[in-house]
Amino acid sequence: MLLAIPVAVLAGLVSFLSPCVLPLVPGYLGYVTGLTGIDLQKQRRGRMFTGIALFVLGFSVVFVAIGAGIGQLGAWLRGAEQVWIQQVLGALIILLGVIFMGGLSWFQRDRKIEARPPAGLWGAPLLGITFGLGWAPCLGPTLSAVQLLSFSGDDASAAKGALLTFVYCLGLGLPFLLIALGFRRGMGALGFFRRYRVGLQRFGGGMLIALGLLMVTGIWNLWINQLQGWLDSVTLPI
């Protein structure tokens, strides 16, 4: 779990910086607040923060529910042969890394619910739910990889799946909230990351591929066992 949590946070952050999310941030800010471009420039921080918080809550509820379900499925299969399951999951994560980097054109199409909730604060959580139920080639692979981590291992459970997915949502949602608090500076930071979007996409895909290779070769489980042994040997002073 201690190894999976930082991976989940980083996966969420990479998802935010991906070409499927980053360019749309100003649009999301306007939609969930119901403000025009001029009003956004006036930095109505309270309304922007509330709208984005409701939006993040909406997709987090969807993602965490799915993660808990996948984690519970892993718990039911806990008695099965773990080695081949780990290798299959690792191969799937490698495939997701290739998709994230732009490979396999069939997966590069967005699949989203077309229904649009009303703009403004009332529609913000509904927009988040709609966002969570869709598929984007830069978002789906990273989220799926995190949820596959919750599926594997002797500690697979609904709680593990929910926790890892929640941590992923923190990595994805906190940048939204920070930009809502400092709109002008946030827009400047977005311009910086847009210039390096290709490199960020390759980094994210490479991270998933490396994680998949660790799982296929068994190194991931070896690291987990070594970390668990180290934690068991640590004695806290009383």
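Since the model is a prediction, treat every value here as computed from it, not as a measurement.

Colleague: Can you walk me through the overall build of the protein chain in this structure?
Modeller: A count of helical and extended segments in the protein chain gives 11 helices and 0 strands. What you see in the protein chain, going N to C, is helices and strands ordered as α-α-α-α-α-α-α-α-α-α-α. Here the protein chain holds 238 residues, and the buried ones make up 44% of them. Counted over contacts in the protein chain with a minimum sequence separation of 6, partners at least 24 positions apart contribute 82%. Accessible area for the protein chain stands at about 12000 Å²; split by element, carbon and sulfur atoms hold 70% of it.

Colleague: Explain the side chain of Q201 to me, please; I cannot follow it from the model alone.
Modeller: Position of Q201 among the secondary structure elements: in helix α10 (residues 197-217). Of note is the side chain of Q201, whose polar atom sits 2.8 Å from the backbone oxygen of F100.

Colleague: Would you explain helix α1 (residues 4-16) in this entry?
Modeller: One turn of an α-helix holds 3.6 residues; hence residues three or four places apart share an orientation. Compared with the 18 Å implied by 1.5 Å per residue over 13 residues, the 19 Å span of α1 between its first and last C-alpha is a close match. Those residues of α1 lying buried are A4, V7, A8, A11, G12, V14, S15 and F16.

Colleague: Would you take a moment to explain the nonpolar core for this structure?
Modeller: General note: in soluble globular proteins, nonpolar side chains tend to be found buried as a group. Among the nonpolar cores identified, the biggest contains 52 residues, and F16, F55, F63, Y168, L172 and F176 are the most heavily contacted of them. Among the elements of the structure, α1, α2 (25-33), α4 (45-76), α5 (82-100), α6 (124-133), α7 (140-151), α8 (158-181) and α10 are those that each provide at least two residues to this core. Looking at this core, the element that brings in the most residues is α8, giving 9 residues.

Colleague: Quick question: what am I supposed to make of the packing of α1 against α7 here?
Modeller: Each pair of packed helices can be summarised by the angle the axes make with each other and by the distance between the axes. Two elements in contact, α1 and α7, have axes separated by 9 Å at closest approach and are oriented at 170°. Viewed along their axes, α1 and α7 adopt a mutual orientation that is roughly antiparallel. For the pair α1 and α7, the crossing hand works out as left-handed. Only T142, V146 and L149 of α7 make contact with α1, whose side of the interface consists of A4, V7, A8, A11 and S15. In terms of residue class, the contact of α1 with α7 is built from 6 nonpolar, 2 polar and no charged.

Colleague: Help me understand the environment of T142 in this model?
Modeller: Residue position: T142 is located in helix α7. Of the residues examined, T142 reaches a relative accessible area of 0% and is grouped as buried. With 66 residues separating them in the primary sequence, T142 and L208 have C-alpha atoms 7.5 Å apart. The contact partners of T142, leaving out residues within four places of it in the chain, are A11, S15, F100, Y168 and L208.

Colleague: Looking at this structure, how should I read a nonpolar patch on the surface?
Modeller: Taken together, the side chains of W84, V88, L92 and L95 define a hydrophobic patch exposed on the protein surface, amounting to about 360 Å² of accessible area. Mapped onto the elements, L95 comes out in helix α5.

Colleague: Whenever I open this one, the UniProt feature "transmembrane region" (unreviewed entry) in the protein chain confuses me. Can you help?
Modeller: UniProt feature "transmembrane region" (unreviewed entry): in the numbering of this structure it lies at residues 6-31, 52-77, 83-107, 119-143, 163-183 and 203-223. Helix and strand shares over residues 6-31 are 69% and 0% respectively, and the end C-alpha atoms of the span are 31 Å apart. Its end C-alpha atoms 22 Å apart, residues 203-223 is made of 95% helix and 0% strand.

Colleague: Help me understand the packing of aromatic side chains in this model?
Modeller: Aromatic ring pairs: the centre-centre distance and the angle between the two ring planes describe each pair. Applying the stated criterion across every chain yields a total of 10 aromatic pairs. Ring plane angle 55° and centroid distance 5.4 Å describe the contact between F59 and F131, whose orientation is recorded as tilted. Of the two residues, F59 is situated in helix α4 and F131 in helix α6; the sequence distance between them amounts to 72 residues. F131 shares its class with F59; the two are buried.

Rules used in this analysis
Residues numbered from 1 in each chain as written. Predicted model: local features only at pLDDT ≥ 70, side-chain atom pairs only at ≥ 80, totals over all residues. Heavy atoms only, no water. Helix = DSSP H or I, 4+ residues; strand = E, 2+ residues; numbered from the N terminus. Buried < 20%, exposed > 50% of the residue type's maximum accessible area, 1.4 Å probe, protein only. Contact = heavy atoms within 4.5 Å. Areas by Shrake-Rupley, 256 points an atom, 1.4 Å probe, with all protein chains shown as cover. Polar contact = N/O pair within 3.5 Å; in protein donor to acceptor, adjacent residues only side chain to side chain. Expected span 1.5 Å × (residues − 1). Core = buried A, V, L, I, M, F, W, Y, C linked by side-chain atoms within 4.5 Å. Axes fitted to C-alpha atoms, helices over the stretch in contact; angles between N-to-C directions. Parallel < 35°, antiparallel > 145°, perpendicular 65-115°, else oblique. Left-handed = near helix turned anticlockwise from the far one by under 90°. Nonpolar A, V, L, I, M, F, W, Y, C, P; charged D, E, K, R; others polar. Patch = residues over 30% accessible without salt bridge, like charges linked within 9 Å, V, L, I, M, F, W, Y side chains within 5 Å. Salt bridge = Lys/Arg side-chain N within 4 Å of Asp/Glu carboxyl O. UniProt positions renumbered as here; feature names shortened; annotations may be inferred. Phe/Tyr/Trp six-rings, centres within 6.5 Å; stacked < 30°, edge-to-face > 60°.

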